[in-house]
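Single-letter residue listing:
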Amino acid sequence: MEKVLDVENVSISFIQYTQGLNQRELKVITDLTLDVSEGEILAVLGSSGSGKSLLAHAIFGILPENANLNGKISYKGKELSQEDKEELRGKEIALIPQSVNFLDPLMKISDQAIGHIDSKEEKAEKKIKQREIFEHYNLGPDVDEMYPFQLSGGMARRVLVSTALLSDPKLVVADEPTPGLDEKTVEETLNHFRHMKEDGVGVLLITHDIHAALEVADRIGIFYSGYVIEIAKAEDFSGDGENLLHPYTKSLYKALPANGFELVKGHQPLHGEIQEGCPYYSRCEMRFERCKNERPQLRDMGDKKIRCFKYEEGE
Ligand SMILES: Nc1ncnc2c1ncn2[C@@H]1O[C@H](COP(=O)(O)OP(=O)(O)O)[C@@H](O)[C@H]1O
Ligand code: SF4
Ligand SMILES: [Mg+2]
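Residues numbered from 1 in each chain as written. Chains lettered and ligands numbered in written order. Predicted model: local features only at pLDDT ≥ 70, side-chain atom pairs only at ≥ 80, totals over all residues. Heavy atoms only, no water.

The name an unreviewed UniProt entry assigns to the protein is Nickel import system ATP-binding protein NikD, from the organism Methanobrevibacter millerae. UniProt, in the comment section headed Subcellular location (unreviewed entry), describes the protein in these words: "Cell membrane". A UniProt comment under Catalytic activity (unreviewed entry) is attached to the protein, and it reads "Ni(2+)(out) + ATP + H2O = Ni(2+)(in) + ADP + phosphate + H(+)". (UniProt positions renumbered as here; feature names shortened; annotations may be inferred.)

K.L.:
Quick one: what's the story with the overall build of the protein, residue by residue and with numbers?
P.N.:
On a plain count of helices and strands, the protein comes out with 10 helices and 12 strands. Relative to a compact globule of 315 residues, whose C-alpha radius of gyration would be 20 Å, the protein shows 21 Å and is just as compact. With respect to the principal axes defined by its C-alpha atoms, the protein has extents near 70 × 55 × 35 Å. Relative to its 315 residues, the protein shows a buried fraction of 50%. A separation of at least 24 residues holds for 62% of the contacts in the protein among residues at least 6 apart in sequence. When the accessible surface of the protein is summed, it comes to about 15700 Å², and 49% of that surface belongs to carbon and sulfur atoms. Distance between charge centres in the protein, computed from 38 positive and 54 negative side chains, equals 3 Å. (Helix = DSSP H or I, 4+ residues; strand = E, 2+ residues; numbered from the N terminus. Rg over C-alpha atoms; globule rule 2.2 N^0.38 Å. Buried < 20%, exposed > 50% of the residue type's maximum accessible area, 1.4 Å probe, protein only. Contact = heavy atoms within 4.5 Å. Areas by Shrake-Rupley, 256 points an atom, 1.4 Å probe, with all protein chains shown as cover. Lys, Arg positive; Asp, Glu negative; His and termini not counted. Charge placed at Lys NZ, Arg CZ, Asp CG, Glu CD.)

K.L.:
Can you lay out the site of ligand 1 for me, pointing to particular residues and giving the numbers?
P.N.:
Close contacts around ligand 1 come from 13 residues, with Gly49, Gly51, Lys52, Ser53 and Leu54 the closest. With respect to ligand 1, the backbone of glycine 49 contributes an N or O atom lying 2.7 Å from an oxygen atom. In the model, an oxygen atom of ligand 1 is placed 3.1 Å from a nitrogen or oxygen of the serine 50 main chain. When ligand 1 is considered free in solution it has 570 Å² of accessible area, and contact with the protein chains removes 66% of it. At 3 residues, helix H1 (residues 52-60) tops the list of elements feeding residues into the shell around ligand 1. For the shell around ligand 1, a count of residues per class yields 4 nonpolar, 8 polar and 1 charged. (Near = heavy atom within 4 Å. Polar contact = N/O pair within 3.5 Å; in protein donor to acceptor, adjacent residues only side chain to side chain. Nonpolar A, V, L, I, M, F, W, Y, C, P; charged D, E, K, R; others polar.)

K.L.:
Can you tell me about the nonpolar core, naming the residues and giving the values?
P.N.:
Grouped burial of nonpolar side chains is what soluble globular proteins tend to show. Among the nonpolar cores identified, the biggest contains 54 residues, and Ile96, Leu151, Phe193 and Met196 are the most heavily contacted of them. Sorting elements by how many residues they give to this core places helix H6 (residues 153-165) first, with 7 residues. Residues in contact with isoleucine 96, not counting those within four places in the same chain, are Arg157, Leu160, Val161, Ala164, Val172, Val173, Ala174, Asp175, Phe193 and Met196. Formed by 35 residues, the second largest nonpolar core is a distinct cluster that contains Val10, Ile12, Val28 and Leu204. (Core = buried A, V, L, I, M, F, W, Y, C linked by side-chain atoms within 4.5 Å.)

K.L.:
Residue-level account of the site of ligand 2, with values.
P.N.:
Ligand 2 sits among His246, Pro247, Cys278, Tyr281, Cys284, Met286, Arg287, Cys291, Pro296, Cys308, Phe309 and Lys310. Judged by the proximity of its atoms to the pocket grid, ligand 2 belongs to the largest cavity. (1 Å grid on protein atoms, 1.4 Å probe; cavity = no way out; pocket = protein on both sides within 12 Å on 5 of 7 lines; lining within 4 Å. Sits in = over half its atoms within 2 Å of the grid points.)

K.L.:
Just give me the short version of empty space enclosed by the protein, but keep the residues and values in it.
P.N.:
A full pass over the atoms with the stated rule returns 1 cavity of 30 Å³ or more. When its volume is computed, the largest cavity comes out at roughly 100 Å³. Lining the largest cavity are 15 residues; nearest its centre among them are Cys278, Cys284, Cys291, Cys308 and Phe309. Per-class residue counts for the lining of the largest cavity are 11 nonpolar, 1 polar and 3 charged. (Points joined across faces, edges and corners; volume = space filled by probe spheres on them.)

K.L.:
Help me get a handle on the layout of surface pockets, residues and values and all.
P.N.:
Empty space within the largest pocket amounts to approximately 620 Å³. Taken together, 27 residues make up the lining of the largest pocket; nearest its centre are Phe60, Gly90, Gln112, Ala113 and Thr163.

K.L.:
Could you give an account of the coordination of the magnesium ion (ligand 3), with specific residues and numbers?
P.N.:
For the magnesium ion (ligand 3), every protein donor is listed as Ser53 (OG) and Gln98 (OE1), and the spread of their distances is 2.1 to 2.2 Å. Of the two residues, serine 53 sits in helix H1 while glutamine 98 sits in the loop between strand E6 (93-96) and helix H3 (109-114), which places them 45 residues apart along the sequence. (Donors = N, O, S within 2.8 Å, 3.2 Å for Na, K, Ca; no water.)

K.L.:
Tell me about the pattern of salt bridges, and please be specific about residues and values.
P.N.:
What the rule picks out here adds up to 22 salt bridges. The residue aspartate 35 makes a salt bridge to lysine 305 at a minimum N-O spacing of 3.5 Å. Of this pair, aspartate 35 sits in strand E2 (residues 23-37) while lysine 305 is found in strand E12 (residues 304-306), placing the two residues 270 residues apart along the sequence. As far as burial versus exposure is concerned, aspartate 35 and lysine 305 are alike and both buried. Aspartate 144 is paired through a salt bridge with lysine 127; the nearest N and O atoms lie 2.8 Å apart. Of this pair, aspartate 144 sits in helix H5 (residues 141-144) while lysine 127 sits in helix H4 (residues 120-136); the two residues are 17 residues apart in sequence, bridging distant segments of the chain. Under the relative-accessibility criterion, aspartate 144 is labelled buried at 4%. Look at the salt bridges and you will find they share partners, linking Asp35, Glu40, Arg219, Asp300 and Lys305 into a network. (Salt bridge = Lys/Arg side-chain N within 4 Å of Asp/Glu carboxyl O.)

K.L.:
Talk me through the UniProt feature "domain: ABC transporter" (unreviewed entry) in the protein; I want residue IDs and the actual numbers.
P.N.:
Those places that UniProt annotates as "domain: ABC transporter" (unreviewed entry) correspond, in this numbering, to residues 5-250. Annotated as residues 5-250, this span is 34% helix and 29% strand, and its ends, taken at the C-alpha atoms, are 27 Å apart.

K.L.:
Let's hear about H4: which residues, and what values?
P.N.:
Along its 17 residues, H4 runs 24 Å from first to last C-alpha, staying within 8% of the 24 Å computed at 1.5 Å per residue. Among the residues making up H4, those that are buried are Gln130, Arg131, Ile133 and Phe134. Turning to H4, the residues buried within the fold contact H3, H5 and H6. Downstream of H4 by a residue or two, asparagine 138 has a phi angle that is positive, lying close to 65°. (Expected span 1.5 Å × (residues − 1).)

K.L.:
Explain the side chain of threonine 178 to me, using residue names and the numbers behind them.
P.N.:
Note on placement: threonine 178 falls in the loop between strand E7 (171-175) and helix H7 (183-198). Residues contacting threonine 178, with those up to four places away along its chain left out, are Val186, Leu190, Asp209 and Ala212.

Dropping the structure here:
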C-alpha cells in the first residue's frame, strides 16, 4: 500500500516574548515522526495541549503566522511545500477540524460545502454530489439552506465529515472528531472512518480518546511531551499489554478502567519544562544512568517504532 502521509522529525515552536525584548523559544512539538498508508487508520494519541491540532494544521498548511515548522511532511512520497499544501487541501487532503467554528457562520451550509466554483455546470454537478453525500450522512435537503447556528452538535460534525469527503480525498486528517458527542454519534463518526478506510482512504485520527483510537485504528502513535515515543499496533493493546514496548504506553493501557485504573505517578512535562535526556525520565521505573542526559531516538522495530534505550542493542 502506498504511503499517503509521511511526517518525519517534525518540530513546531513559537517565539515567546518575555519581559522587555527578551524572547525564548517555546517548543510544543520536538520530534514527531509517523506515516499513514492508503486504507489505513493511524491514530495519534496525545493529551490536551500537546500540539495535536498544530500537527493537523501543519499538514494542512494553516499554522499560525508566528509558528516555526521544521522537518519533513510528504504526500505520496513527495515533500510538500506550503504551495503544494494549498494546492492539495480540500482536494486530495481533507481536514475534519476539531472545532465547528471552522464553519462560516454567515454562509448557508450547502454553499460552504461546495465552495466557490465559477462554471455553472461544474457547480450543478458538485451540488448533486453534495446532496448524495449529505443524504448518506443523514442530512436532509433542509440542511442545505441552514446556517451553522441552526445545526445541532451532531449535525455540525456530520456536515464537517461530509464536506471533507466531498472532494474525494486520499488522505483525511481528523482532529478530535469525537469529544462531546453522545455515544451513538461517536459510534456513527467512527463508522465513517471505517468506511473511508474501506474506500482506500488513509486516515490520520488525532485524538486524546484512547477508546476511540482502539476501536478503529490499525496503529497508534503515542505522543508524549512533544515526542512520538511509540508507534504500536492496535492489537498490542490486549492481554496484559505485554506486547507494548514503552513504559508510558504500558501505563496508559493499565490505566484503562478494564485493566484496574492503575495510574502512573507524576505529570507529563509540557512545553518549556522539558529537560535534556529521555522525556519520560522523571516518571520511568526502568530508567538508568544513560536516560538522564541522553535523548533516545525513535527506532524501527519491524512493524512498530519505539523511543527508549531499553530496546537498543547492548542495553
Ligand atoms: N499561535 C500560538 N502562539 C503561541 N503558542 C501557541 C499558538 N497556538 C498554539 N500554541 C501552543 O501550542 C499548544 C498546543 O496547542 P494545540 O495543538 O491546540 O494542542 P491540542 O490540540 O493537542 O490540544 C498550546 O497549548 C499553546 O501552548
Ligand atoms: S529511555 Fe530510559 S527513561 Fe526513557 S523510557 Fe526508556 S528506560 Fe525509561
Ligand atoms: Mg486540538
